[in-house]
Amino acid sequence: MAALRRLTLGPAAAALLRAQPGGAGAGAAAGRRWVRALRRSPVRVLPPREEQRAAAPAGREPAEPKGARLRPAPEKSPAGQGLRFEKAEPGDRRLGKVVTIAKSKKFRDQHGKILLEGQRLIKDALDAGAVPQTLFFSTVGHLKELPEEKLKKTTLVKVKFEDIKNWSDLITPQGLIGIFSRPDHAKMTYPAVQQRNSLPLSLICDNLRDPGNLGTILRSAAGAGCSKVLLTKGCVDPWEPKVLRAGMGAHFRLPIIANLEWESISNYLPTDTEIYVADSRDPRTQDKMEAGSGKARSGKASSYGWVSRPHNLKAPIGREDLAFDSESEEEEQGTDEAWFPELDTQYYHENWTRAPAAAVVIGGETHGLSTEALRLAESTGGKRLIIPVVPGVDSLNSAMAASILLFEGKRQLQLREKQESKGQKFPALG
């Protein structure tokens, strides 16, 4: 039971229970009930074989409790003693609260823990060096497929599969849930094959707030061979459960650095990196449309496909989250429009990887790119990369745009490497 009390909750569980309806008195009473409940030992601890033998009557060999120990295959660990685990009572609601609390952003931020679910995701995390605190599993077979040496300091709790179904957000749970310390990218060991195929190409996410989109983008970044992904403040937490599910293990294949200020972005990029921003507005099509209407092309913020209101401008009441794309909003800005850099444009399939390294900025569909992203791109000599779409069609989904640009960048970099190995000059692509 002592091991379960070290489960990773402690202050977080108490804080959650104090926030119960009924005021501070009810919360305090709930907290005391939580502590008393832990003292009542709902989990049967399975003692080591030696302790059972000492407690057995003289001359009798104690029976091995079914599932009490995991004995590694002799060829893997001949001298191994197996993994010890605890067995929870069916329907224990307190363990359900453990999982619920571990899913919350408050728990992640205050205690530096994350929740992972599924055999593959947990194995990827362990292989990359993530530190497990607690694993809930429904069958011993789940543990046999994980690296035993990385579970020796982990609290292992065997629960009924029905309990995991109740705790899980998945339609088809796999019977394995883990609470890990939040990974530090500087301490992770990423797969060797990923490092061999890494390219001088980085991704910067700006105002991406949809968990599914971010997870898909991270998966594309890993597939394209990005060297790293940088997330600015305002992006969704990459360790949110929905992002983890959509990422399909990408979190443990390349460095993901979150919650960055724009002033610090350059510190995480190689020297001489050129930064490009994704844009959905084709200037040639835009010019034709505006020429036909008799309007002069503004060249201001509204001509960018994914650009948001500057952070230091006050938005109209009730419209803080709208994209900065209307004439009335432009007029409200006044002289502040001059803050938007006039970046040159080019189509995404033209060569934009001549510099030693390149980075692409992707903005969210609703909140768009920030002015800081445009300024940073301008300071490095970057451009707007145009993904042309049929006139009248709205901008692409941000995950689709990121995938197009990253794999095009990969194609150009691989072509450049191939031609440089032959002593040829890398021409502009048309």
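The rules behind the values
- Here the residue numbers are simple positions, counted from 1 along each chain's written sequence.
- Only residues with pLDDT of 70 or above have their local features reported here, since the model is predicted, and side-chain atom pairs are shown and tallied only from 80 upward, although totals for entire chains, interfaces and linings are computed over all residues.
- To obtain the side-chain values, all non-hydrogen atoms of the structure were used and water was disregarded.
- Each helix is a run of DSSP H or I of at least 4 residues and each strand a run of E of at least 2, with the numbering of both proceeding from the N terminus.
- Throughout, exposure labels follow a simple rule: accessible area from a 1.4 Å probe, protein chains only, divided by the maximum for the residue type, with under 20% read as buried, over 50% as exposed, and the rest as partly exposed.
- Polar contact is the term for a pair of N or O atoms within 3.5 Å; when the atoms are in protein, one must be able to donate a hydrogen and the other to accept it, and sequence-neighboring residues count only if both atoms are side-chain atoms.
- Residue contacts are defined here by distance: any two heavy atoms, one from each residue, within 4.5 Å place the two residues in contact.
- When DSSP finds two or more bridges between a pair of strands, those strands are recorded as paired.
- The convention used is that axes are lines fitted to C-alpha atoms, helices contributing only their stretch in contact, and that angles between N-to-C directions extend from 0 to 180 degrees.
- Values of pLDDT, which run from 0 to 100, indicate the predictor's confidence residue by residue.
- For this analysis, a salt bridge means a side-chain nitrogen from Lys or Arg found within 4 Å of a carboxyl oxygen belonging to Asp or Glu.

A word on the side chain of Ser202
And step 1. Among the secondary structure elements, Ser202 is positioned in strand E9 (residues 201-206).
And step 2. What makes Ser202 buried here is its relative accessible area of 2%.
And step 3. A distance of 3.2 Å separates the side chain of Ser202 from the side chain of Ser227, its partner in a polar contact.
And step 4. In this view, Ser202 contacts Ser227, Lys228, Leu269, Ala358, Ala359 and Val360; residues no more than four positions away in its chain are not counted.

Re the sheet that holds E9
And step 1. Strand order across the open sheet formed by 7 strands is E11-E10-E9-E14-E12-E15-E13, with parallel pairing between neighbours. The open sheet has two free edges, formed respectively by strand E11 (256-260) and strand E13 (345-347), since each of these has just one partner strand. Each neighbouring strand pair of the sheet contributes to a mean axis angle of 30°, computed without reference to strand direction.
And step 2. Summarising the sheet, E13 and strand E15 (residues 384-386) pair through 3 bridges and their orientation is parallel. Bridge pairing in E15 links Gln346 to Leu385.
And step 3. Relative to the sheet, helix H11 (residues 211-224) contacts E9, strand E10 (228-232), E11 and strand E14 (357-363), its axis offset from that of E9 by approximately 175°.
And step 4. Of the strands in this sheet, E9, strand E12 (273-279) and E14 touch helix H15 (residues 371-379), which is tilted by about 135° from E12.

Observations regarding the confidence of the model for the chain
And step 1. On average, residues of the chain carry a pLDDT of 77, and 66% of them reach 70 or more.
And step 2. Segment residues 64-81: pLDDT under 50, and 24 contacts once partners within four positions in sequence are set aside and those in other chains are kept.

A closer look at the pairing of E12
The side chains of a regular strand alternate, residue by residue, between the two faces of the sheet.
And step 1. With respect to burial, E12 is a largely interior element, 6 of its 7 residues being buried.
And step 2. Across 5 bridges, the pairing between E12 and E14 is parallel. Bridging from a neighbouring strand, Ile275 pairs with Ala359 of E14.
And step 3. Alignment of E12 against E15, held across 3 bridges, turns out to be parallel. Note that in E15 the partner of Asp279 across the bridge is Ile386.

Here we look at the pattern of salt bridges
And step 1. Inspection of the entire model under this criterion finds 10 salt bridges.
And step 2. A salt bridge links Lys105 to Asp109, with the nearest nitrogen and oxygen atoms 2.6 Å apart. Separated by 4 residues within a single helix, Lys105 and Asp109 lie in helix H6 (residues 105-111), roughly one turn from each other.
And step 3. In this structure, Arg182 and Asp109 form a salt bridge, with 3.8 Å as the shortest nitrogen-oxygen distance. Of this pair, Arg182 sits in the loop between strand E8 (176-181) and helix H10 (192-196) while Asp109 sits in helix H6, placing them 73 residues apart in sequence.
And step 4. Assessed through its relative accessible area of 29%, Arg182 is described here as partly exposed.
And step 5. Residue Asp109 is classed as partly exposed on the basis of its relative accessible area of 42%.
And step 6. Residues participating in the shared-partner salt-bridge network are Lys105, Asp109 and Arg182.

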